[in-house]
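Breakdown of the fold
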Protein chains: 2
Amino acid sequence: MTTIGVLGAGQLGRMLALAGYEMGLRFVFYDETPDAPAGHVAPLTVGRWDDHAALAAFADACDLVTYEFENVPVATAERLAATHPVAPAPRALEVAQDRLNEKTLFRSLGIGTAPFAAVGTTAELRRAVDAIGLPAVLKTRRMGYDGKGQRVLRRPEDLDVPLGPLGGHPLILEGFVPFDRELSILAVRSRTGETAYWPLAENVHRDGILRVSVAPAPGVGDALTAAAADLAGKVLTALDYVGVLAIELFEHRGDLLANEMAPRVHNSGHLTIEGSTTSQFENHLRAILGWPLGSTAPVGFAAMVNLIGETPDPRAVLEIEGAHLHLYGKSPRPGRKLGHVNLVERSPEALTAAIARLASVVAEPTLAR
Amino acid sequence: MTTIGVLGAGQLGRMLALAGYEMGLRFVFYDETPDAPAGHVAPLTVGRWDDHAALAAFADACDLVTYEFENVPVATAERLAATHPVAPAPRALEVAQDRLNEKTLFRSLGIGTAPFAAVGTTAELRRAVDAIGLPAVLKTRRMGYDGKGQRVLRRPEDLDVPLGPLGGHPLILEGFVPFDRELSILAVRSRTGETAYWPLAENVHRDGILRVSVAPAPGVGDALTAAAADLAGKVLTALDYVGVLAIELFEHRGDLLANEMAPRVHNSGHLTIEGSTTSQFENHLRAILGWPLGSTAPVGFAAMVNLIGETPDPRAVLEIEGAHLHLYGKSPRPGRKLGHVNLVERSPEALTAAIARLASVVAEPTLAR
């Protein structure tokens, strides 16, 4: 019986375990937080990322290590890689943890990005603004997620405002892309080199947090699909990547610009649970085990709506025909991802109608558009 | 957070937990066996069915009790029902544990069965054979499953053979039905009284063990579908039943005869995991919680193939496009159900082709028919 060790025990890890249990796999988790959601469904070792004794105990209990959290320190992953197969390789973490590394990799592979420049000092910030122009977004290079660690600069006088929480961190300035919409491509590459791509998802964020994903993204033609798979394939190859990789994209006048990547299963892929022949969670496991990948074909027109900060009455959600309720067992807290609802329908029109029904029971303003 | 307590921790319980975890539920299990499959995914209390202290500890940890094993002693279920909601009610266990009770209930509801008679003595056996004729099947009234505790009587001299393992048990003689095929109907009734029915499944047994199910069963018309739902609905109502109920049926010249019922999720319903909008596992939980039931509509043409005694190389199964591998984490042993493979296709022809591909990697002779 193969036991998978997962670094991070949030909802992504929990859903990995639920997919893997179906295939007879076992799981152990490692996290800094005792009440992490995956700990409700599998043994959880609690420790800091530099607690070598706790990490050794975790490693002893598993055959293979992966992560569900991209801010696992690279040193931790490397330490485990000395004794265990670790997938994706720590190098992928290293790239994904730093927006400058990430964008530099994209650029080196010929993948379009917003203009960007590293910013370490006030003088560098001014030079970067001169080169890139305004509006632009100033971001911490590391540890930003769900819109944290970012500031939009619109006018020259915005440069005079103190940096606040951004101060003292290595920063990156990115040109503001007046994009038409946000898309994401989910890709997977097996230990054997086999690759597969799910259909592009269209994503709607609010306050920097993903709210709604729809896949296949409406109005995406073969050319855009091929372009997305092509750019994701370049990243998979460049990193000798094993597992699921998500790349967030901006669509701008028919072109794709890569915004950021996540070396793990991704929120915009939750709709693959019921919306695809094989979910991102199952294929991530198949990939790291070197098993054949499952079909990524959609089984219908799918949407995912995040439940953030509060959960609706389960009865109200489940009364909607075809609604699949996913809850992570977390306590409510403003801005916290507590669960999601997947909808899968046979036509785009039926999906629109199902989303409208869901909007009456889920307090998610972006559903009303 | 609602915690469901499940009596029995086999693969059925394991799959209940995996469905319930998706909805944020928690689980605790109770079983006589320490290494039971559900114990790999949830806390397991190990004890005998009459260990009141262990049962009390289990009960303290849950809000609601159900079972995945129909031979839980009725006294155990009744004891728990004094302090906790128990669904289905112990009365359903009482009926389902005794073939005579079961067939008497069917008959009282106007549901067709094979002719049957209770047999306590050799004299009663001879009278029963005189009334019912040969061939006939002599079965233990209680504790029979997967073909155990049965003997076919073909000729008068078969009555002179010592009863062997059947001796000393209350028995039932059932007329042998020269049926065309075996079907099953899965029904679910919520605490609120809402009911739903999955499409009829066609089942192939060998050596008394279910090998293959296909649903929707080929060639079933509206009349047969309505008849099956009608008879299942009568049983649900008669027992004021809450949860999933399976009834095994014989189809004989266009008529349905009820063979036996299981007051729980059922092996022939495993294909609902990927084959239906809502699986039997999810709907069982929704029913016992009083939540709205999910759609039981098929999402395609589905088949389930049990993996018995040994498991094939996962790679070989997963190479088959659309094959969903389910393993229960059990050690191999002859005759033991270790897992199953679900196939879901868009047409009956595609399903036949997928089954043929699976037959090349799964050693299941009934696939070759």
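Please read all numbers here as calculations on a predicted model, not as lab measurements. (Residues numbered from 1 in each chain as written. Chains lettered and ligands numbered in written order. Predicted model: local features only at pLDDT ≥ 70, side-chain atom pairs only at ≥ 80, totals over all residues. Heavy atoms only, no water.)

Concerning the packing of aromatic side chains
Going through the model one piece at a time under the given rule, you end up with 12 aromatic pairs over all chains. Note on Phe27(A) and Phe29(A): the rings are 6.3 Å apart at their centroids and 20 degrees apart in plane angle, and the pair reads as stacked. Each of the two residues, Phe27(A) as well as Phe29(A), counts as buried. Measuring from centroid to centroid gives 6.2 Å for Trp49(B) and Phe69(B), while their planes differ by 15 degrees, and the two rings are stacked. Highlighted residues: Trp49(B) in the loop between strand S3 (44–46) and helix H2 (52–60) and Phe69(B) in the loop between strand S4 (64–67) and helix H3 (74–81), separated in sequence by 20 residues. For Trp49(B), a relative accessible area of 10% corresponds to the buried category. Here Phe69(B) falls in the partly exposed class, since its relative accessible area comes to 30%. (Phe/Tyr/Trp six-rings, centres within 6.5 Å; stacked < 30°, edge-to-face > 60°. Buried < 20%, exposed > 50% of the residue type's maximum accessible area, 1.4 Å probe, protein only. Helix = DSSP H or I, 4+ residues; strand = E, 2+ residues; numbered from the N terminus.)

Details of the pattern of salt bridges
Going through the model one piece at a time under the given rule, you end up with 38 salt bridges over all chains. Between Arg126(A) and Asp160(A) there is a salt bridge, with the nearest N and O atoms lying 2.8 Å from each other. Of this pair, Arg126(A) sits in helix H6 (residues 122–132) while Asp160(A) is found in the loop between strand S7 (150–153) and strand S8 (171–175), placing the two residues 34 residues apart along the sequence. Here Arg155(B) ties to Glu157(B) by a salt bridge, and the two come within 3.6 Å at their closest N and O atoms. We classify Glu157(B) as partly exposed; its relative accessible area is 44%. Members of the salt-bridge network, linked through shared partners, are Arg206(A), Asp207(A), Arg211(A) and Glu364(A). (Salt bridge = Lys/Arg side-chain N within 4 Å of Asp/Glu carboxyl O.)

Description of unusual backbone geometry
The omega angle of the peptide bond from Leu134(A) to Pro135(A) is 0 degrees, so this bond is cis rather than trans. Take Pro135(A): it is sitting in the loop between H6 and strand S6 (136–140). A cis amide bond links Ala215(B) with the next residue in sequence, Pro216(B), at an omega value of -5 degrees. Along the chain, the position of Pro216(B) falls in the loop between strand S12 (209–215) and helix H7 (222–238). One non-glycine residue, Arg253(A), adopts positive backbone phi at about 50 degrees. Position of Arg253(A) among the secondary structure elements: in the loop between strand S13 (243–252) and strand S14 (255–262). Residue Arg253(A) is classed as exposed on the basis of its relative accessible area of 72%.

Considerations on the nonpolar core
Ile4(A), Phe27(A), Leu285(A), Ile4(B), Tyr21(B), Phe27(B) and Leu285(B) are the most contacted members of the largest nonpolar core, which totals 114 residues. Discounting residues that sit within four places of it in the chain, Leu285(A) has contacts with Ile4(A), Leu16(A), Ala19(A), Gly20(A), Met23(A), Leu25(A) and Phe27(A). (Core = buried A, V, L, I, M, F, W, Y, C linked by side-chain atoms within 4.5 Å. Contact = heavy atoms within 4.5 Å.)

With respect to the relation of the copies chain A and chain B
Placing chain A over chain B gives an RMSD of 0.0 Å and needs a rotation angle of 180 degrees, together with 0.0 Å of translation along the axis. In short, the pair behaves as if placed about a two-fold rotation axis. A share of 100% of interface residues in chain A that are also interface residues in chain B marks the association as one of identical surfaces. (Least-squares fit on C-alpha atoms with pLDDT ≥ 70 in both.)

Some thoughts on the side chain of Asn306(B)
Residue and element names in this part refer to chain B. Assignment of secondary structure puts Asn306 in strand S15 (residues 301–308). Within the local environment of Asn306, its side chain forms a polar contact with the backbone oxygen of Leu210, the two atoms lying 2.7 Å apart. Among all residues touching Asn306, those that are not within four sequence positions of it are Leu210, Arg211, Asn267, Tyr328, Lys337, Gly339 and His340. (Polar contact = N/O pair within 3.5 Å; in protein donor to acceptor, adjacent residues only side chain to side chain.)

Observations regarding the environment of Val46(B)
Residues and elements named next belong to chain B. Take Val46: it is sitting in strand S3. Taking the C-alpha atoms as reference, Val46 lies 34 Å from Ala363; in sequence the two are 317 residues apart. Leaving out residues up to four positions away in the same chain, Val46 has contacts with Asp31, Glu32, Thr33, Pro34 and Ala54.

Let's talk about helix H5 (residues 99–108) of chain A
Residue and element names in this part refer to chain A. When we look at burial in H5, the residues that qualify are Arg99, Leu100, Glu102, Lys103, Leu105 and Phe106. Where H5 begins, the capping side chain belongs to Asp98, and its oxygen is found 2.7 Å from the backbone nitrogen of Leu100. Phi turns positive, to about 75 degrees, at Gly110, one or two residues after H5.

A closer look at the sheet that holds strand S1 (residues 3–7) of chain B
All names here are of chain B. The four strands are arranged S3-S2-S1-S4 in an open sheet whose pairing can be described as parallel. Of all the strands in the sheet, the pair left with one neighbour each is S3 and S4. Each adjacent strand pair in this sheet contributes to an overall mean axis angle of 25 degrees, direction not counted. Examined bridge by bridge, strand S2 (residues 26–31) and S3 share three bridges and lie parallel to one another. By the bridge assignment for S3, Tyr30 is matched with Thr45. This element, helix H1 (residues 11–22), spans S1 and S2 of the sheet and lies at about 170 degrees to S2. (Pairing = 2+ DSSP bridges. Axes fitted to C-alpha atoms, helices over the stretch in contact; angles between N-to-C directions.)

Read these as spatial facts, not as claims about activity.
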